[in-house]
Structure formats: C-alpha cells, structure tokens
Amino acid sequence: LSVAYLQHSFLREVRKHFSQDSDPAYHAISTALLHGPRGRGHGLRCPRDGLVDCSYVDAVDKLLGPRMGRCATGRATVMLSWCWEYTASTVVSALLTWCKKTGQAPEDVLVWQCALCINQYRVEARKARQ
C-alpha cells in the first residue's frame, strides 16, 4: 500500500471503526479491519489461493480497482519492520518522516507490511486449528 493511502484512507478507516480521537494498536485493528465479518477482505476471493476472504491489500486493490488502486497498491518498494503493539498513527508518521528524509513522494512509496499484506483470515484459521 502506498504511504499516501495509509495516511489518508487507512487512518480514516481506522478512526471510523474506533473513534476520531482513538489511536489503536494493530492488535485491535486486526480484529476490526483485517479479519472476521467486518474485515475489509471479508467475502472477497483471494487472488493467491482462490478461496473466499482476502488480505486487506487485496481488498483495497479489488474495491478501488482502476479508479485509485494503481496509486494505492502495487509491488512494494520498501518492507516495513515493525511490531503489532505500534499504533496506526505511529506507523504512518514514521513512514511519512522516512519519505521526507529520503525525498520520496508518499504516493510513490509502496509498503509491504505483514498485517496488511498477509491474509489474516488464513492466519486466524491456522491459529484455530492448533
């Protein structure tokens, strides 16, 4: 996902699910947006395994399509090393700071972040079988 998408659309979606003033960590975001019946990819076919329910990034790509999908999703240009205890605003703020320091436009930086790129429906299904 592009840093610009994370800054504008993702943070707006997080605030919509929680509250305008909240800044949840990714553990809470996962339950609300990344899997389960309210997850962004719920009911959408996964392009990787062909099963129903896909990752957040695949849902964004499918739902936005040619309208915005091309500038929101694509092959990652950076991989984010992070932890699930970070809040959404902490991650986005750090990415925006990095873009500024490296002279890159947030629209051009595509981030691979496991929470958003790995299909959390499959992760949760594996956990349930263990």
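Everything discussed here concerns the structure shown above.
This text gives an overview of the structure that appears in the document. Quick caveat, the model's predicted, so the values are computed rather than measured. (Residues numbered from 1 in each chain as written. Predicted model: local features only at pLDDT ≥ 70, side-chain atom pairs only at ≥ 80, totals over all residues. Heavy atoms only, no water.)

Glancing now at the packing of aromatic side chains. Scanning all chains against the criterion turns up four aromatic pairs. Aromatic side chains Tyr 26 and Trp 82 sit 4.6 Å apart centroid to centroid with 65° between the ring planes, which places their arrangement in the edge-to-face category. Taken as a pair, Tyr 26 in helix H2 (residues 26-34) and Trp 82 in the loop between strand E1 (78-79) and helix H4 (88-102) lie far apart in primary sequence, 56 residues in all. Assigned by exposure class, Tyr 26 and Trp 82 land together as buried. Taking 5.4 Å as the distance between ring centres and 35° as the angle between the ring planes, the aromatic pair formed by Trp 82 and Trp 84 counts as tilted. With relative accessibility at 16%, the residue Trp 82 sits in the buried group. Trp 84 sits in the partly exposed class, given a relative accessible area of 23%. A connected cluster of aromatic rings, assembled from ring pairs, spans Phe 10, Tyr 26, Tyr 56, Trp 82 and Trp 84. (Phe/Tyr/Trp six-rings, centres within 6.5 Å; stacked < 30°, edge-to-face > 60°. Helix = DSSP H or I, 4+ residues; strand = E, 2+ residues; numbered from the N terminus. Buried < 20%, exposed > 50% of the residue type's maximum accessible area, 1.4 Å probe, protein only.)

Following the criterion strictly, the structure yields four salt bridges and no others. With its nearest N and O atoms 2.8 Å apart, the salt bridge here joins Asp 58 to Arg 48. Of the two residues, Asp 58 is situated in helix H3 (residues 56-72) and Arg 48 in the loop between H2 and H3; the sequence distance between them amounts to ten residues. On the basis of relative accessibility, which here comes to 7%, the residue Asp 58 falls in the buried class. Overall, the relative accessible area of 61% leaves Arg 48 in the exposed class. A salt bridge links Arg 122 to Asp 49; its shortest N-O distance comes to 2.6 Å. Residue Arg 122 is located in helix H6 (residues 120-129), and its partner Asp 49 is located in the loop between H2 and H3; the two are separated by 73 residues in the primary sequence. Given the relative accessible area of 17%, Arg 122 is considered buried. On the basis of relative accessible area, Asp 49 is assigned to the partly exposed category, the value being 36%. (Salt bridge = Lys/Arg side-chain N within 4 Å of Asp/Glu carboxyl O.)

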